[in-house]
Amino acid sequence: MDIQVWSDVTCPWCYIGKARLERTLQLVDGAVTVTYRAFQLNAVPVPEPILVKQVMSETLGGPERAEEMFTRVTAMAASEGLRLDFDRAVAANTFAAHRLIAWAATQDRQADMLDALQRAHFSEGIDIGSLSAIARVAGSIGLDSAAALAHLESEAATIAVNTDIEEARALGISSVPTFVIDGKYALPGAHDTETLLSALEEIARRESANAGL
């Protein structure tokens, strides 16, 4: 089974969805390959660091509504063993982070790089729009931070990230996470393990039946 996951680094539901997918795959029989694809919920440049809380307060119409959302998603993340600290999280354009993930993929560290960047954003208050900062994040998982920075300071992987974004648009993906299984079945949302496992098992049954025709 092949699973393509469109996600954005600063999307809390994507962080939760990734944890749930990984837990689900421990229960799945047979070989499964997972590839993480780039998506930007907001491609607007962020010229200087600003707290996510401030941005979301303005977007949602006030701090009280934003706080309700933060409380809900923080509790849901905690149930998956993830820590979200919105008092520290900094808003950022994620294009460079996606380019770094593409670079890590060439070293078979794609999922590790995505996880490290999500943790940096949600738990450590690191500005993942900063090239030097995310190069250090690459170094924290054992990759060459100097090589990572050189990659980020070039135009490398720009085409790869744009291709992911354009393919998402062609598939009609407008929210993340979205899981595309075997190129045929789209499953949007950070579903719980039971729901996700049921969906994957049903897809496996369908593909097995089709193979026998």
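Before reading further, recall that the structure is shown in the block above.
Residues numbered from 1 in each chain as written. Predicted model: local features only at pLDDT ≥ 70, side-chain atom pairs only at ≥ 80, totals over all residues. Heavy atoms only, no water.

### Focus on the side chain of Arg 20
The following threshold applies: Under the DSSP-based scheme used, a helix requires at least four consecutive residues in state H or I and a strand at least two consecutive residues in state E, with every element numbered from the N terminus. Accessibility here uses a 1.4 Å probe with only protein chains present; expressed as a share of the type maximum, an area under 20% marks a residue as buried, one over 50% as exposed, and anything in between as partly exposed. Throughout this description, a polar contact denotes any pair of N or O atoms lying within 3.5 Å of each other; where both atoms belong to protein, one of them has to be capable of donating a hydrogen while the other can accept it, and for residues adjacent in sequence the pair is counted only when both atoms sit in side chains. What makes two residues a contact is simply this: any of their non-hydrogen atoms within 4.5 Å.
Here Arg 20 shows up in helix H1 (residues 12-25). Classification of Arg 20 as buried rests on a relative accessible area of 9%. Only 2.9 Å separates the side chain of Arg 20 from the side chain of Glu 80, close enough to count as a polar contact. For Arg 20, the side chain forms a polar contact with the main-chain oxygen of Ala 190, separated by 2.4 Å. For Arg 20, the contacting residues outside a window of four places in its chain are Met 76, Glu 80, Ala 190, His 191, Asp 192, Thr 193 and Leu 196.

### Notes on the sheet that holds strand S1 (residues 2-7)
For the record, the criterion: Two strands pair if DSSP finds at least two bridges between them. Every axis in this analysis is a line fitted to C-alpha atoms, fitted for helices over the stretch in contact. Angles between the N-to-C directions lie between 0 and 180 degrees.
Taking strand neighbours across the sheet as the criterion, the four strands line up as S2-S1-S5-S6 in an open arrangement whose pairing is mixed. Among the strands making up the open sheet, the edge pair consists of strand S2 (33-38) and strand S6 (185-188). Strand-to-strand twist across the sheet, computed as the mean angle between neighbouring axes with direction ignored, equals 20°. Across four bridges, the pairing between S1 and strand S5 (residues 178-181) is antiparallel. Across the sheet, the residue bridging to Val 5 is Phe 179, located in S5. Along the sheet, H1 makes contact with S1, S2 and S5, crossing S2 at roughly 170°. Its contacts with the sheet put helix H8 (residues 158-171) on S1 and S2, and the angle it makes with S2 is roughly 95°.

### What to know about the pattern of salt bridges
Heads up, the rule is: In what follows, salt bridge is the name for a side-chain nitrogen of Lys or Arg lying within 4 Å of a carboxyl oxygen of Asp or Glu.
All told, the structure shown has 15 salt bridges when counted by the stated rule. A salt bridge links Lys 18 to Glu 22, with the shortest nitrogen-to-oxygen separation between them at 2.6 Å. Linking Lys 18 with Glu 22, this pair stays in helix H1, spanning four residues, or about one helical turn. Between Arg 205 and Glu 202 there is a salt bridge, with the nearest N and O atoms lying 2.9 Å from each other. Of this pair, Arg 205 and Glu 202 both sit in helix H9 (residues 193-211), separated by three residues, roughly a single helical turn. Of the residues examined, Glu 202 reaches a relative accessible area of 31% and is grouped as partly exposed.

### A few points about the packing of helix H2 (residues 52-60) against helix H3 (residues 63-79)
The condition is simple: Crossing handedness is defined as follows: a turn of the near helix away from the far one that is anticlockwise and smaller than a right angle gives a left-handed crossing, while the clockwise case is right-handed. Residue classes follow a fixed rule: Ala, Val, Leu, Ile, Met, Phe, Trp, Tyr, Cys and Pro count as nonpolar, while Asp, Glu, Lys and Arg count as charged, and any other residue, Gly among them, counts as polar.
Running from N to C, H2 and H3 point in directions that differ by 115°, and their axes come no closer than 7 Å. Considering only the axes of H2 and H3, their crossing is right-handed. Across from Val 52, Lys 53, Met 56, Ser 57 and Leu 60 in H2, the residues of H3 making contact are Pro 63, Arg 65, Ala 66, Glu 67, Met 69 and Phe 70. Here the residues of the contact of H2 with H3 are counted per class, giving seven nonpolar, one polar and three charged.

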